Amino acid sequence: SILSVGIYRATNLVPNSAIVEKIDSTDEWIQQRTGIITRHIADENESVIDMAEKACRIAIKRAGLTPQDIDAVVLSTISYPYQAPSAATELIARLGRPHAAAFDISAACAGFTYGVGIANDMVKSGTARNVLLIGAEKLSDFTDPFDRATAFIFADGAGAAVIGRAAEQGIGPTIWGSNAETRDAIMFEPSYLDF
């Protein structure tokens, strides 16, 4: 079950109008092709780990758990700039859970989805009771602001989910969690999200 979710969006809101000159485009062109009007860009000194930690703390709290209840951390990112230690290892140290299993996966857009499968298998096999899954990217560090093909698409932020054993079997609670608050967050109800 997805027990809870948490999100963090970088605070700098960048509209299309701020980038169109660099890519020889227009706000209308970007909106027609992608639907994107604005994007969130992290501060220069804000890292992938900073954003991941903020999303994780929200998800853990919403699940009614503490970091000590987390048995494994799976962090999906392609923008963490170091080979070692892993982003997940850095994150568990910040969360105060240094003995949890922790590893990164790098699968770009599909990474979080792969992580759901991994977390599900860990819970089902009994390897972990609660898995903290994170997708975090700071693509502004790597995106060429003059590249017309990508500069308007990518941005910065993090999402986290706590995945654990469902309270009851069945499609609803097993997939979405057992409470309406979590369901609303997963369905991205505007009234629920932390902007």
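Thresholds, definitions, all that
Residues numbered from 1 in each chain as written. Predicted model: local features only at pLDDT ≥ 70, side-chain atom pairs only at ≥ 80, totals over all residues. Heavy atoms only, no water. Phe/Tyr/Trp six-rings, centres within 6.5 Å; stacked < 30°, edge-to-face > 60°. Helix = DSSP H or I, 4+ residues; strand = E, 2+ residues; numbered from the N terminus. Buried < 20%, exposed > 50% of the residue type's maximum accessible area, 1.4 Å probe, protein only. Lys NZ or Arg CZ within 6 Å of the ring centre and 35° of its normal. Core = buried A, V, L, I, M, F, W, Y, C linked by side-chain atoms within 4.5 Å.

Caption draft 1: Structural context of the packing of aromatic side chains. This structure, assessed with the given rule, holds 2 aromatic pairs. Judged by centre distance (5.5 Å) and plane angle (80 degrees), the rings of Trp29 and Phe152 are edge-to-face. Of this pair, Trp29 sits in helix α1 (residues 27-34) while Phe152 sits in the loop between β6 (130-138) and β7 (156-164), and the two are 123 residues apart along the sequence. The exposure class assigned to Trp29 is partly exposed, which follows from its relative accessible area of 22%. Under the relative-accessibility criterion, Phe152 is labelled buried at 5%. When the ring of Tyr80 is compared with that of Tyr82, the centres are 5.5 Å apart and the planes differ by 75 degrees; the resulting orientation is edge-to-face. Given the relative accessible area of 17%, Tyr80 is considered buried. According to the relative accessible area criterion, Tyr82 is exposed, its value standing at 55%. Between Lys22 and the ring centre of Phe146, over which it is positioned, the NZ or CZ distance is 5.9 Å.

Caption draft 2: View of the nonpolar core. Judged by nonpolar contacts, the single largest core of 27 residues is most densely connected at Cys56, Val73, Leu75, Leu91, Leu132, Ile134 and Ala160. Those elements that place two or more of their residues in this core are α2 (48-62), β4 (72-76), α3 (87-95), β6 and β7. The leading source of residues in this core is α2, at 8 residues.

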